[in-house]
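# Coordinate analysis (summary)
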Amino acid sequence: MSQPVRIGVQLQPQHAPDYGLIRDAVRRCEDAGVDIVFNWDHFYPLYGDPEGAHFECWTMLGAIAEQTERVEIGALVTGGGYRNPDLLADMARTVDHISNGRLILGIGAGWFQKDYDQYGYEFGTAGSRLAGLKDAMARITDRLAKLNPQPVRDIPILIGGGGEKKTLRLVAQYADIWHSFSDIDVLKRKIGILGEHCAEVGTDASAIAKSVAWPGADQVDAYADAGVTLFTVGTGGPDYDMSRILEAVAWRDRRNQS
């Protein structure tokens, strides 16, 4: 049986000078019936005023874990180079406990140079950041196995990115969810490439959920037909508009009942 489709919301922690606006948006999302509440791991806004209001990712996830009861939570995605991987594993385990087993550990290689430059991280190259992600994944999984107490559940790993040789190999090795930024035709081809990597490393490609940003009501069925089961709607402050979120939730319910 195919997996049911799910709807995530990425509450972008930008342009909300009062954290209460984010707290209210989280409440509205859970009340609306979304499956997952994500934020993102940046230090400055990506859209609008580049020096606008912004909050940090992982401290916020702890607060969201306490505030919510049902939704899964996570970052879409954590910047792999921003934290010591062993520390990140411990942070994830802690938020997993705070949420009673609702954390998804989303991670990627990182790309936004301003974050690196302003916070004193070495930006390097795309290749060096991917190498860092590869090292981080090995350390994270090793540290998670050593922590006391253990996580409430085997924390699902979401890896974001589309590199066919390196990123998809890491997805095959470590991920429960793969978040792609590709259009539908490229996505179909990359799903095939992911399957080849999974065959090589001995994992089940069908067990890795495929995830994309909400493409709009006119395109979403094509993505679902291609095997995507997680669609995430992005919304930013200060208003955190719910209109597309409600549209996506209504589509999910129709799709899962059909």
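See the structure printed just above.
What comes next concerns the included structure. From a predicted model like this one, the values you see are computed outputs, not experimental measurements.

### Brief notes about the overall build of the protein chain
On a plain count of helices and strands, the protein chain comes out with nine helices and nine strands. By the compact-globule yardstick of 18 Å for 258 residues, the protein chain fits well, its C-alpha radius of gyration being 17 Å. Summarising its shape, the C-alpha atoms of the protein chain cover approximately 50 × 45 × 40 Å along the three principal directions. Out of the 258 residues belonging to the protein chain, those deemed buried represent 52%. Split by element, the accessible area of the protein chain, about 11,600 Å² in all, is 50% carbon and sulfur. In the protein chain, the 26 positive side-chain charges and the 35 negative ones have mean positions that sit 4 Å from each other.

### As for unusual backbone geometry
Glycine aside, the phi torsion of most residues is negative, and most peptide linkages are trans. In the segment running from leucine 76 into valine 77, the intervening peptide bond is cis, with an omega of -5°. By the element assignment, valine 77 lies in the loop between strand E3 (72-75) and strand E4 (78-79). The linkage connecting glycine 237 with the following residue, proline 238, adopts the cis geometry, with an omega of 0°. Within the element layout of this structure, proline 238 appears in the loop between strand E9 (228-236) and helix H9 (243-257). Notably, histidine 15 is not glycine yet its phi reads approximately 60°, a positive angle. Examined against the element boundaries, histidine 15 turns out to sit in the loop between strand E1 (6-12) and helix H1 (19-32). Here the phi dihedral of asparagine 100 falls at roughly 60°; this positive angle occurs in a residue that is not glycine.

### Brief notes about the pairing of E9
Counting buried positions along E9 yields seven of nine residues, so the element is predominantly enclosed. Judged from the four bridges that link them, strand E8 (residues 209-213) and E9 form a sheet pairing that is parallel. Residue pairing in the sheet places valine 212 in a bridge with phenylalanine 231 of E9. Viewed along the sheet, the connection from E8 through helix H8 (residues 220-225) into E9 turns out right-handed.

### So, helix H2 (residues 57-67)
Within the sequence span of H2, burial applies to Cys57, Trp58, Met60, Leu61, Gly62, Ile64 and Ala65. Where the residues of H2 are buried, they touch H1, strand E2 (36-39), E3, E4, helix H3 (85-98) and strand E5 (103-108). Its side-chain oxygen at 3.0 Å from the backbone nitrogen of tryptophan 58, glutamate 56 defines the N-terminal cap of H2.

### Side note on the nonpolar core
Counting residues in hydrophobic clusters, the biggest one holds 66 residues, and the most contacted among them are Trp58 and Phe231. With residues up to four places along the chain from it excluded, the contact list for phenylalanine 231 reads Val5, Arg6, Ile7, Gly8, Val212, Ala213, Trp214, Pro215, Val220, Tyr223, Ala224 and Trp251. Among the nonpolar cores identified, the runner-up in size contains nine residues, and Phe38, Ile104, Leu158 and Ala209 belong to it.

### Points about the packing of H1 against H2
Two numbers describe a pair of packed helices, the interaxial angle and the distance between the axes. At their nearest, the axes of H1 and H2 sit 11 Å apart, and the two run at 45° to each other. One finds that H1 runs oblique with respect to H2. Here H1 and H2 pass one another in a crossing that is right-handed. Counting all contacts with H1, which are made through Tyr19, Ile22, Arg23, Val26 and Arg27, the residues of H2 involved are Met60, Ala63, Ile64 and Gln67. Across the contact of H1 with H2, the residue classes tally to six nonpolar, one polar and two charged.

### Here's the deal with H9
Look at H9: 22 Å from first C-alpha to last across 15 residues, which is about the 21 Å you get at 1.5 Å a residue. Considered for burial, the residues of H9 that qualify are Ile245, Ala248, Val249, Trp251 and Arg252. Projection of H9 onto a plane perpendicular to its axis shows the buried side chains occupying an angular sector of 165°, all on one side. Away from its buried face by more than 90 degrees, H9 exposes Arg254 and Gln257. For H9, the secondary structure elements touched by its buried residues are E1, H1, H8 and E9.

About the criteria used
Residues numbered from 1 in each chain as written. Predicted model: local features only at pLDDT ≥ 70, side-chain atom pairs only at ≥ 80, totals over all residues. Heavy atoms only, no water. Helix = DSSP H or I, 4+ residues; strand = E, 2+ residues; numbered from the N terminus. Rg over C-alpha atoms; globule rule 2.2 N^0.38 Å. Buried < 20%, exposed > 50% of the residue type's maximum accessible area, 1.4 Å probe, protein only. Areas by Shrake-Rupley, 256 points an atom, 1.4 Å probe, with all protein chains shown as cover. Lys, Arg positive; Asp, Glu negative; His and termini not counted. Charge placed at Lys NZ, Arg CZ, Asp CG, Glu CD. Pairing = 2+ DSSP bridges. Right-handed = clockwise from strand over helix to strand, strands pointing away. Contact = heavy atoms within 4.5 Å. Polar contact = N/O pair within 3.5 Å; in protein donor to acceptor, adjacent residues only side chain to side chain. Core = buried A, V, L, I, M, F, W, Y, C linked by side-chain atoms within 4.5 Å. Axes fitted to C-alpha atoms, helices over the stretch in contact; angles between N-to-C directions. Parallel < 35°, antiparallel > 145°, perpendicular 65-115°, else oblique. Left-handed = near helix turned anticlockwise from the far one by under 90°. Nonpolar A, V, L, I, M, F, W, Y, C, P; charged D, E, K, R; others polar. Expected span 1.5 Å × (residues − 1). Arc of directions from axis to C-beta.

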